[in-house]
Amino acid sequence: MTSDHAAGVASEHATGITSDHAADIDRHVKIYISVFVALMVLTIVTVAISRFHLPVPIAVAVALLVATIKGSLVACYFMHLISEKKLILAVLVLTAVFFVALLTLPAVTHSNGYWIH
Amino acid sequence: MDIPYTVEVRRDTGLTNGKIGIWLFLASEVMLFGALFASYILIRTGAPSWPRGDTILNVPLATVNTIVLITSSVTMVMAWASLMRHRFGTFRIYMGTTILLGCVFLVIKYFEYSHKFHDGLYPGTNNFLALYFTLTGLHMLHVFGGMVVNAYFLGPGAKLWKTNPVWFTNRVENSGLFWHFVDLVWIFLFPTLYLL
């Protein structure tokens, strides 16, 4: 996506409905359809991979990778994060930091054996 | 008194109040589900053994539900795009479809749950099922909540389109952001619970 387009989308969001941006919306709709197809394909891929019964660490890594790609597509295009204002991105970066801490903290304490022994 | 900055953006944030509000709410939702995912990791890594999801749960049903929810995300974003194109009739069709797909998701989940109960599998049966019911239960509540808000915008809330179409479009966008978030959570729940 070009920065011109991103700027167009941003101003669209700022001002709401303007018929000048009808062409932009048409382009958006095409992107939505492509993202939809990609999400469907990735859903089938992740189910198909699970049938191979890979070793757990590899299976987890692959499933997480596919889910992250799918989640990013939803966040970037359906939720318009790809062209969203900096303030929202900043809020999400801060959230991501705490989210990662939340997920790794228990794992770290566990690896010390603190919780199970 | 009118709610400020529903149509025009605040100069300091560059956003409407509704937009920043929904994103702050979603940030808190990330932490809510994050706490449950952290519990999952802790309980699973601490367990001597862990069942593969597909030995207990119904993967084909959950795959259909994944497809249903992703499709509903597309119809949701198309509902918003229809308003951006001033096509209110098309908006109603897409919004109605989004709510209908939400219903399909909940009905399939109902069958999954009742099948588990029929087999004597309850949240108290084991840790796997405790996590399964808690995570999917909370997620189902979110699906239901999103459907209620969407139904409002399809029904009585749609009156706003006649008096203030830009505000209405912004509201539908914000409702959509919540709906996509619910879809996003399911995208992670599905492999975590069913496939690993």
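In this text, all values refer to a predicted model and were calculated from it rather than measured experimentally. (Residues numbered from 1 in each chain as written. Chains lettered and ligands numbered in written order. Predicted model: local features only at pLDDT ≥ 70, side-chain atom pairs only at ≥ 80, totals over all residues. Heavy atoms only, no water.)

1. With respect to the packing of aromatic side chains
All names here are of chain B.
Then comes step 1: Taken as a whole and judged by the stated rule, the model has 23 aromatic pairs over all chains.
Then comes step 2: Between the aromatic rings of Y113 and Y132, the centroid separation amounts to 6.0 Å while the plane-to-plane angle is 55 degrees, which identifies the pairing as tilted. On the criterion of sequence distance, the pair formed by Y113 in helix α3 (residues 88–118) and Y132 in helix α4 (residues 127–154) is long-range, its members being 19 residues apart. Here Y113 and Y132 have matching classes, each one buried.
Then comes step 3: Seen in terms of ring centroids, F117 and F133 are 5.4 Å apart; in terms of plane orientation they differ by 10 degrees. Their pairing is stacked. One end of the pair, F117, is in helix α3; the other, F133, is in helix α4, with 16 residues separating them in the sequence. (Phe/Tyr/Trp six-rings, centres within 6.5 Å; stacked < 30°, edge-to-face > 60°. Helix = DSSP H or I, 4+ residues; strand = E, 2+ residues; numbered from the N terminus. Buried < 20%, exposed > 50% of the residue type's maximum accessible area, 1.4 Å probe, protein only.)

2. A closer look at the packing of α4 of chain B against helix α6 (residues 165–195) of chain B
Residues and elements named next belong to chain B.
Then comes step 1: Direction vectors running N to C along α4 and α6 enclose 160 degrees, while the axes themselves pass 10 Å from each other. By the criterion of interaxial angle, the relationship of α4 to α6 is roughly antiparallel. Along this stretch, α4 crosses α6, giving a crossing that reads as left-handed.
Then comes step 2: In the contact of α4 with α6, the residues fall into 18 nonpolar, 7 polar and 1 charged. (Axes fitted to C-alpha atoms, helices over the stretch in contact; angles between N-to-C directions. Parallel < 35°, antiparallel > 145°, perpendicular 65-115°, else oblique. Left-handed = near helix turned anticlockwise from the far one by under 90°. Nonpolar A, V, L, I, M, F, W, Y, C, P; charged D, E, K, R; others polar.)

3. Looking at the side chain of H139 of chain B
Then comes step 1: By the element assignment, H139 of chain B lies in helix α4.
Then comes step 2: Among all residues touching H139 of chain B, those that are not within four sequence positions of it are F33, L69, F105, V182, V185, W186 and L189 of chain B. (Contact = heavy atoms within 4.5 Å.)

4. Some remarks on the environment of L89 of chain A
Residues and elements named next belong to chain A.
Then comes step 1: Note on placement: L89 falls in helix α4 (residues 86–111).
Then comes step 2: Judged by relative accessible area, L89 falls into the partly exposed class, the value being 34%.
Then comes step 3: Placed 16 residues apart in sequence, L89 and L105 show a C-alpha to C-alpha distance of 24 Å.
Then comes step 4: When neighbours within four sequence positions are excluded, L89 is seen to be in contact with L81 and E84.

5. Overview of the confidence of the model for chain B
Do not read the fine detail of predicted coordinates wherever pLDDT is low.
Then comes step 1: Of all residues in chain B, 100% have pLDDT values of 70 or greater, and the mean over the chain is 96.
Then comes step 2: For this predicted complex, the interface confidence score (ipTM) comes to 0.94, while the overall pTM stands at 0.90. (pLDDT = per-residue confidence, 0-100.)

6. Considerations on the nonpolar core
Then comes step 1: Counting residues in each nonpolar core, the largest one holds 79 residues, and the members touching the most others are M79 of chain A together with W23, F168, V172 and Y194 of chain B.
Then comes step 2: In terms of residue count, the dominant contributor to this core is α6 of chain B (16 residues).
Then comes step 3: Every residue in contact with V172 of chain B, bar those within four places of it in the chain, is listed here: M76, W80, L83, F91, M95 and F153 of chain B. (Core = buried A, V, L, I, M, F, W, Y, C linked by side-chain atoms within 4.5 Å.)

7. Comments concerning the interface of chain B and chain A
It is common to give the size of an interface as the accessible area lost on bringing the parts into contact.
Then comes step 1: Tallying the contact residues gives 56 residues for chain B and 50 residues for chain A.
Then comes step 2: Both faces considered, chain B and chain A share a buried interface measuring about 4,600 Å² in area, 80% of it formed by carbon and sulfur atoms.
Then comes step 3: Across the pair R85 of chain B and D26 of chain A runs a salt bridge, and its minimum N-O distance is 2.3 Å.
Then comes step 4: Put simply, chain B and chain A have 4 residue pairs in polar contact (both at pLDDT 80 or more) between them.
Then comes step 5: A class-by-class count of the residues in the side of chain B that touches chain A yields 37 nonpolar, 12 polar and 7 charged. (Buried area = accessible area lost by both parts, 1.4 Å probe. Salt bridge = Lys/Arg side-chain N within 4 Å of Asp/Glu carboxyl O. Polar contact = N/O pair within 3.5 Å; in protein donor to acceptor, adjacent residues only side chain to side chain.)

8. Notes on the packing of α3 of chain B against α4 of chain B
Residues and elements named next belong to chain B.
Then comes step 1: The N-to-C vectors of α3 and α4 enclose an angle of 155 degrees; their axes lie 10 Å apart at closest approach. The angle between α3 and α4 falls in the class roughly antiparallel. Considering only the axes of α3 and α4, their crossing is left-handed.
Then comes step 2: Its residues assigned to classes, the contact of α3 with α4 shows 17 nonpolar, 7 polar and 4 charged.

9. Structural notes on the environment of F33 of chain B
Residues and elements named next belong to chain B.
Then comes step 1: Among the structural elements, F33 can be located in helix α1 (residues 17–46).
Then comes step 2: Among the residues examined, F33 registers a relative accessible area of 3% and is labelled buried.
Then comes step 3: Spatially, the C-alpha atom of F33 lies 8.0 Å from that of L135, the residues being 102 residues apart in sequence.
Then comes step 4: Dropping the residues within four chain positions of it, F33 is found in contact with L138, H139, H142, F181 and V185.

10. Observations regarding the pattern of salt bridges
A side chain with one charge may pair with a side chain of the opposite charge, provided their charged atoms come close.
Then comes step 1: One pass over the full model with this rule turns up 7 salt bridges over all chains.
Then comes step 2: Where D24 of chain A meets R27 of chain A, a salt bridge forms, and the shortest distance between an N and an O atom there is 2.3 Å. One end of the pair, D24 of chain A, and the other, R27 of chain A, are both in helix α2 (residues 22–50), 3 residues apart, so they sit about a helical turn from each other.
Then comes step 3: Here the salt bridges do not stand alone but share partners, grouping E84 of chain A together with K19 and E173 of chain B into one network.

11. Things to note about helix α2 (residues 59–84) of chain B
Note: α-helices contain 3.6 residues per turn, so residues at a spacing of three or four share the same orientation.
Residues and elements named next belong to chain B.
Then comes step 1: For α2, built from 26 residues, the straight-helix expectation of 38 Å at 1.5 Å per residue is met to within 8% by its first-to-last C-alpha distance of 38 Å.
Then comes step 2: Burial runs high along α2: 21 of the 26 residues are buried.
Then comes step 3: In this structure N58 caps α2, since a side-chain oxygen of it lies 3.1 Å from the backbone nitrogen of L61.
Then comes step 4: H86, located one to two residues past α2, shows a positive phi value of around 65 degrees. (Expected span 1.5 Å × (residues − 1).)

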